[in-house]
Amino acid sequence: MIHRLLKMKLPYVFILCLLLSGCAPSAGLSAGSRPETSPQSSVDTNPETIVHFIDVGQGDSILIESGGQTMLIDAGTNESGAEVLNYLKAQQITHLDWVIGTHPHEDHIGGLDDIILAVDTDRVMMPPKEHTTKTFEDVLDAVMEKDLSLTEPVIGDTYPLGDARFTVLGPAKDYGDDLNNWSVVLLLTCGDTSFLFTGDVEVEAEEDILASGLAIDADVLKVAHHGSDTSTSDAFLSAVSPDYAVISVGQDNDYGHPCQVTLDRLETAGADIFRTDLMGTVIAYSDGTHLSFSAESDPAQSGMDASADSSSFLWDTEETGIYAAQSGEGTDESAAETEEDIQVHITQSGSRYHREGCSSLENSDTVISLDEAKSRGYTPCQRCHPPE
């Protein structure tokens, strides 16, 4: 639509003004103390807000359900459009209150035209940055064909979404041709819980968000740019202070994502990490006070080397068929076992003991008891978090 309107010689800024939705945003979110969250012992049967981090490979797509309203943030690559559409159908989503295209890169907006054309949609938010690709033009054509309004992201603007609300934190300024930093950044709050969605922002945009003075602390961080080392700076991570981090990334991708330096920063910050390349689609549930998670796969069976604390999870196929977050207290089935009964894994040359499946065991793997490992001076791996 932007390209077609540009051909009609209407200035882009003026076009956005004409297309802005008539619903006035409420005041910006005020800074507040960070809630203390603790995962529940089982997935909520009636949560207020559900956030689906859909596994679309090397790309992003996030579905949010809250109080009967829905939002889709990005839809992966062009090839992912049908996959995301099928996922929406499986969730019985026939209407989207919001569609967000964070920025014009194909791995984020590639499937949005399929979604907009197929699903009843109220509003579309995209940054005021055009791009000269067919992917970008396809999305704008779909917006125009469905006669939808474009809402410009303005930092500080807050909108309701069912039982939740979201505030725009970025883009904070004109980033020229740096498309990643144009990403729409949103803070979603549901009661005392919060989620930060960052698109592909890099350090420059992170610094601008910090300088804005808006509250950005969140319980769950959607890690920017698939875990690239150009994002998730120490200063930004310190301000967000997440308990959980979700990385949307493709298996064996050509970019080396997620980068080890980013994983190390997240681990140092104390965030439990969920990865779609190792766990498939990850779903977070909030009842407004507590958070719980589920995923398609058990990371321990995937050789996950940087994941949520394994002692905090149970693979419960009989009850839910999903990998469900559990309170760390009282959920470890091995608690009643003695250290002689608990098996851990060591390597020939290492000084740490591990859980089965840890990536550190690729080249050698010897099974011994926890008691023997401790008696030999081995210490627990900080990545796979074996029993202590």
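Quantities reported herein were computed from a predicted structural model and do not represent experimental measurements.

A. Unusual backbone geometry, seen in detail. In the segment running from glycine 170 into proline 171, the intervening peptide bond is cis, with an omega of 10°. With an omega of -5°, the peptide bond running from histidine 257 to proline 258 counts as cis. Take proline 258: it is sitting in the loop between β12 (244–247) and α9 (260–268). For histidine 225, which is not glycine, the phi torsion reads 55° and is therefore positive. Here histidine 225 lies in the loop between β11 (220–222) and α8 (234–240). In this structure histidine 225 comes out as buried when scored by relative accessible area, which is 14%. The phi angle at serine 241 is positive, at roughly 50°, despite the residue not being glycine. Accessibility expressed as a relative area gives 32% for serine 241, which makes it partly exposed.

B. How the structure looks around the sheet that holds β12. Pairing is mixed in the open sheet, where 7 strands are placed in the order β7-β8-β9-β10-β11-β12-β13. The two strands at the open ends of the sheet, each matched to only one other strand, are β7 (158–161) and β13 (272–275). Within this sheet the neighbouring strands show an average axis-to-axis angle of 20°, counted without direction. When strand β10 (residues 193–197) meets β11, the two strands line up parallel, connected through 3 bridges. In the strand pairing of β11, leucine 196 is matched with leucine 221.

What counts, and at which threshold
- Residues numbered from 1 in each chain as written.
- Predicted model: local features only at pLDDT ≥ 70, side-chain atom pairs only at ≥ 80, totals over all residues.
- Heavy atoms only, no water.
- Helix = DSSP H or I, 4+ residues; strand = E, 2+ residues; numbered from the N terminus.
- Buried < 20%, exposed > 50% of the residue type's maximum accessible area, 1.4 Å probe, protein only.
- Pairing = 2+ DSSP bridges.
- Axes fitted to C-alpha atoms, helices over the stretch in contact; angles between N-to-C directions.

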